[in-house]
Amino acid sequence: MSAGRATEGAGCVTWWGYSPARDLLRSGPASPEGDINILLVGSGDPRHILKTVASLRDEDTLNVWLVESSVEVVARQMLLLYLSLVPLEHMGLNEKTEVFLEVFGNCEIRSPTEETLKRIASQLRLGVTGTLDSPAHPCMNTTLLKFKERDELDRIFKSWIKPESKVIMSKAWDYRVRQHLGTRYDSKRGCFDWDLTMKLHQKGCGTINRQQYAQWRERGLAFEMREGIYRTNNPSMISSRIFQKGGKIAVSGYWGDIVTGPYLSYGVETDDKSMLETRNGIHMKTAQDISFANVQKLLQSLTSRHASGSRTDPASTEDSPQAVSVKDLMHLKQITINFLPLDSLEKLPEKQKYRDFFHVIYFSASSVPHLGSPMRQIAAPDAVLVVELAKYVLDLSKEQEAGFKERVQSISVEAGFEPYHQARSDDALSVFTAKKE
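Residues numbered from 1 in each chain as written. Predicted model: local features only at pLDDT ≥ 70, side-chain atom pairs only at ≥ 80, totals over all residues. Heavy atoms only, no water.

**Points about the overall build of the chain**
So, point 1. Looking only at helices and strands, the chain has twelve helices and 13 strands in total.
So, point 2. Over its C-alpha trace the chain gives a radius of gyration of 21 Å, about what one expects of a compact globule, namely 22 Å for 437 residues.
So, point 3. Taken over the C-alpha atoms alone, the chain extends approximately 55 × 55 × 55 Å along its principal axes.
So, point 4. Across the chain, contacts joining residues at least 24 apart in sequence account for 77% of those joining residues at least 6 apart.
So, point 5. Surface summary for the chain: the accessible area is close to 19,100 Å², and the carbon and sulfur share equals 49%.
So, point 6. The centroid of the 55 positive side-chain charges in the chain is displaced by 4 Å from the centroid of its 55 negative side-chain charges. (Helix = DSSP H or I, 4+ residues; strand = E, 2+ residues; numbered from the N terminus. Rg over C-alpha atoms; globule rule 2.2 N^0.38 Å. Contact = heavy atoms within 4.5 Å. Areas by Shrake-Rupley, 256 points an atom, 1.4 Å probe, with all protein chains shown as cover. Lys, Arg positive; Asp, Glu negative; His and termini not counted. Charge placed at Lys NZ, Arg CZ, Asp CG, Glu CD.)

What follows is the structure, encoded as structure tokens:
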């Protein structure tokens, strides 16, 4: 067995981000108002969308534009948005929160959740294939995607209903852990504990509980809130990876993060300081507890923007969350979410519509290589650029982490932005403002 591959830890697909949820409209010197356009590149999950919507003023209009690295991530974004928008009369707030976190952070799920996911996939298929010119829902506009991308979405949702892959998630996860640790695999518990106490806890993530983190590192189970057996594949976390072995071979499996974990998105920060209390140096509430409270609060906030008159027709659906069609999900007042083609970044500056268009542009750490001078052309005159840093990419050394931050600053300045020094300083995100021309 080899010494392991440190680069294997982060994986090659982003199922969740490396930064906590942020209200992106309050990242810069002034919050944009009126008709607001936000571009998210590689965010991986809807944490920033939910947090931003929760703080949006009633009189503002928010248009979110998403560019992801793969169609599998687009499909998963749609799944999580669907769950967020199921009306409360069809799925109670507690159940919705639990199912959201289960699908979001667990490689294996309970059988009831699998059935829910299958029925959601059926509705998402109809939403994608049945609307070519006008979106089935303002928060799930896939009409801008290419036909081949929509065909791929249809194939993915179909595979969630009738799995075509023979992937056994427990084995796929263990394969990744073995590849990552190499000769350290036999002492993996010690490796997990080191990454938690000497890295995550030192970086301010003390809410991440030792037992819960070890269980996630061991088998990919982050949130265990309901009694039941978590042994069914979560198909939204299965993707393909291309290997060069005498030609290109696509291998299905789990190719996401196996080191940092999904707790960062919702489980390490909270406005309720009582949830951060410690006793004898130990946090009384865990990242799972805080994730549940934060997600529940965010989902509750969506109902306040639920447009009147957009309730589902009881006569047209069963009293079941799985039966809600895409068009019957909650319609949020003055909010749209638009999925752009995977290769959009290089083409947006060529379109007049997007010139000086975006008030906030967000880049994930994995998308930084695509950050360049064309971004200034699509940024509004007073735009804010928010870039995720590598603080929580645990396999990087301190020198590599600092080097990444310097590289982000260099690329951003070259692209026509300047550092915003009054931004919240936590080394998870860097904030820039557009240079005045």
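**Overview of the nonpolar core**
So, point 1. Formed by 133 residues in total, the largest nonpolar core has its most connected members in L39 and Y254.
So, point 2. In terms of residue count, the dominant contributor to this core is helix 2 (residues 71-85) (eleven residues).
So, point 3. When residues no more than four places from it in sequence are discounted, the contact partners of Y254 are W15, W16, C107, M169, A172, W173, R176 and M237. (Core = buried A, V, L, I, M, F, W, Y, C linked by side-chain atoms within 4.5 Å. Buried < 20%, exposed > 50% of the residue type's maximum accessible area, 1.4 Å probe, protein only.)

**Describing the packing of helix 2 against helix 4 (residues 111-129)**
So, point 1. At a minimum axis separation of 11 Å, helix 2 and helix 4 run at an interaxial angle of 105°. Put simply, helix 2 runs roughly perpendicular to helix 4. From helix 2, M78, L79, Y82 and L83 reach across to helix 4, where they touch L117, I120, Q123, L124 and V128.
So, point 2. In terms of residue class, the contact of helix 2 with helix 4 is made up of eight nonpolar, one polar and no charged. (Axes fitted to C-alpha atoms, helices over the stretch in contact; angles between N-to-C directions. Parallel < 35°, antiparallel > 145°, perpendicular 65-115°, else oblique. Nonpolar A, V, L, I, M, F, W, Y, C, P; charged D, E, K, R; others polar.)

**Quick look at helix 10 (residues 287-303)**
So, point 1. Between its first and last C-alpha atoms helix 10 spans 25 Å; for 17 residues at 1.5 Å apiece the expected length is 24 Å, and the two agree.
So, point 2. The set of residues buried in helix 10 consists of A287, Q288, I290, S291, N294, V295, L298, L299, S301 and L302. Viewed along the axis of helix 10, the buried residues span an arc of 160°, placing them on a single side of the element.
So, point 3. On its buried face, helix 10 sits against helix 1 (47-54), helix 2, helix 3 (93-105), helix 8 (210-219) and helix 9 (263-267). (Expected span 1.5 Å × (residues − 1). Arc of directions from axis to C-beta.)

**Some words on the pairing of strand 9 (residues 335-339)**
So, point 1. Within strand 9, four of the five residues are buried, which leaves the element mostly enclosed by the surrounding structure.
So, point 2. In terms of strand pairing, strand 2 (residues 61-67) meets strand 9 through five bridges, oriented parallel. Note on strand 9: the bridge partner recorded for V64 is I337. (Pairing = 2+ DSSP bridges.)

**Topic: unusual backbone geometry**
So, point 1. With a phi close to 55°, N280 is a non-glycine residue in the positive phi region.
So, point 2. Locating N280 in the fold gives a position in the loop between strand 7 (278-279) and strand 8 (282-283).
So, point 3. Assessed through its relative accessible area of 79%, N280 is described here as exposed.
So, point 4. With phi around 60°, Q334 is a residue other than glycine that occupies positive phi space.

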